[in-house]
Amino acid sequence: MTTRSGYIDARPRIIARAIAEVGVAEATGRNDGPRVEEYLALGTSAAPEPGLSWCAAFVLWCHRQEGVNLPGNPWAMRRVSTLYEEARRKGALLAADEVPAVGDLAIYLGRASSHAGPSGHVQLVVGVSTNMDDALTARLDVVGGNEGNAVRRSWVLESAPTAFARPERWLR
């Protein structure tokens, strides 16, 4: 199991890994293609579930590639709703008065995002704006998988996600 200090050491590599994947796209627009299938397999030799939405698998894959295995069933956590529940159960969700930071997960439940499917969407925070005190202008630099059938980097308002999770809180 990865320790909290191990995660903190790995965080810059996780961010770099996610940014390096920007532009990876599905083969046919049906949640498929060699790299997407790698994300869905989560770095194991197991065959991925065909056609599964892959935003959560992408975030978990970035962590696993840098030696960070978040506790919980990785197969179930490929679904955003399960990932959210596991974060809640482990105390990893940020309180309403906490400011998101680089490395946090931006979680959208249901269809709270234009990228979200029925079970939601998740992105990795790779940067934050300098004015996080103003809720109207606070922006996050995020990388997400399965956004327009590809890995994309964009800016979102801090108020847009349903919740944020801090991965190091999952770890002991």
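Worth saying up front: this structure is predicted, and the values here are computed from it rather than measured.

(A) Highlighting the pattern of salt bridges. Per the counting criterion, the structure on display carries ten salt bridges. Of the charged contacts, one joins Arg 35 and Glu 38 as a salt bridge, the two residues approaching to 3.1 Å between their closest N and O atoms. Of this pair, Arg 35 and Glu 38 are both found in helix α2 (residues 34-41), three residues apart, which corresponds to roughly one turn of the helix. A residue is classified by how much of its surface remains accessible, and Arg 35, at 27% relative accessible area, is partly exposed. Connected through salt bridges with shared partners, the residues Arg 13, Arg 17 and Glu 66 form a single ionic network.

(B) How the structure looks around the environment of Leu 94. Note on placement: Leu 94 falls in the loop between α4 (80-89) and β1 (105-108). Spatially, the C-alpha atoms of Leu 94 and Ala 165 are 5.8 Å apart, while their sequence positions differ by 71 residues. If sequence neighbours within four positions are ignored, Leu 94 has contacts with Val 99, Pro 100, Asp 104, Phe 164, Ala 165, Arg 166 and Arg 169.

(C) Representation of α4 in the model. Within the sequence span of α4, burial applies to Val 80, Leu 83, Tyr 84, Glu 86 and Ala 87. On an axial view of α4, the arc spanned by its buried residues comes to 165°, and they lie on one face. Residues of α4 that are buried make contact with α3 (55-65), β1, β2 (121-128) and β5 (163-165).

(D) Focus on the nonpolar core. Membership of the largest hydrophobic core comes to 39 residues, with the highest contact counts inside it found for Trp 54, Phe 58, Leu 105, Ile 107, Val 122 and Trp 170. Within the residue set of this core, elements represented by two or more residues are α1 (4-20), α2, α3, α4, β1, β2 and β5. At eight residues, the largest contribution of residues to this core is made by α3. In this structure, Leu 94, Val 125, Val 142 and Val 156 belong to the second largest nonpolar core, which totals eight residues.

(E) Structural view of the sheet that holds β1. Taken in spatial order, the five strands of this open sheet run β4-β3-β2-β1-β5, and their pairing is antiparallel. With one partner strand each, in any of the chains shown, β4 (150-157) and β5 form the two edges of the open sheet. Direction aside, the axes of adjacent strands within the sheet are offset by 35° on average. Contacts between α3 and the sheet are confined to β1, β2, β3 (139-147) and β4, with β2 contributing the most and set at about 50° to the helix. Against the sheet, α4 engages β1, β2 and β5, with an angle of about 120° to β1.

(F) Quick peek at the packing of aromatic side chains. Overall, the coordinates contain three aromatic pairs when judged by the stated rule. Look at Tyr 39 and Phe 58: their rings are 5.1 Å apart centre to centre, the planes differ by 75°, and that puts the pair in the edge-to-face class. Of this pair, Tyr 39 sits in helix α2 while Phe 58 sits in helix α3; the two residues are 19 residues apart in sequence, bridging distant segments of the chain. Given a relative accessible area of 0%, Tyr 39 falls into the buried group.

(G) A look at the environment of Ser 5. With respect to the element layout, Ser 5 can be found in helix α1. As for Ser 5 and Leu 171, which are separated by 166 residues in sequence, their C-alpha atoms are 9.0 Å apart.

(H) Looking closely at the environment of Gly 103. Within the fold, Gly 103 resides in the loop between α4 and β1. Along the sequence, Gly 103 and Ile 14 sit 89 residues apart, while their C-alpha atoms lie 7.9 Å from each other. Setting aside its immediate chain neighbours within four residues, Gly 103 contacts Tyr 7, Arg 11, Ile 15, Leu 124, Val 125 and Pro 167.

(I) Up close: the packing of α2 against α3. At a closest axis distance of 7 Å, the pairing of α2 and α3 adopts a crossing angle of 75°. When the axis of α2 is compared with that of α3, the two are roughly perpendicular. Contact with α2, carried on its side by Arg 35, Glu 38, Tyr 39 and Leu 40, involves Ala 57, Phe 58 and Trp 61 of α3 and no other residues of that element.

What counts, and at which threshold
Residues numbered from 1 in each chain as written. Predicted model: local features only at pLDDT ≥ 70, side-chain atom pairs only at ≥ 80, totals over all residues. Heavy atoms only, no water. Salt bridge = Lys/Arg side-chain N within 4 Å of Asp/Glu carboxyl O. Helix = DSSP H or I, 4+ residues; strand = E, 2+ residues; numbered from the N terminus. Buried < 20%, exposed > 50% of the residue type's maximum accessible area, 1.4 Å probe, protein only. Contact = heavy atoms within 4.5 Å. Arc of directions from axis to C-beta. Core = buried A, V, L, I, M, F, W, Y, C linked by side-chain atoms within 4.5 Å. Pairing = 2+ DSSP bridges. Axes fitted to C-alpha atoms, helices over the stretch in contact; angles between N-to-C directions. Phe/Tyr/Trp six-rings, centres within 6.5 Å; stacked < 30°, edge-to-face > 60°. Parallel < 35°, antiparallel > 145°, perpendicular 65-115°, else oblique.

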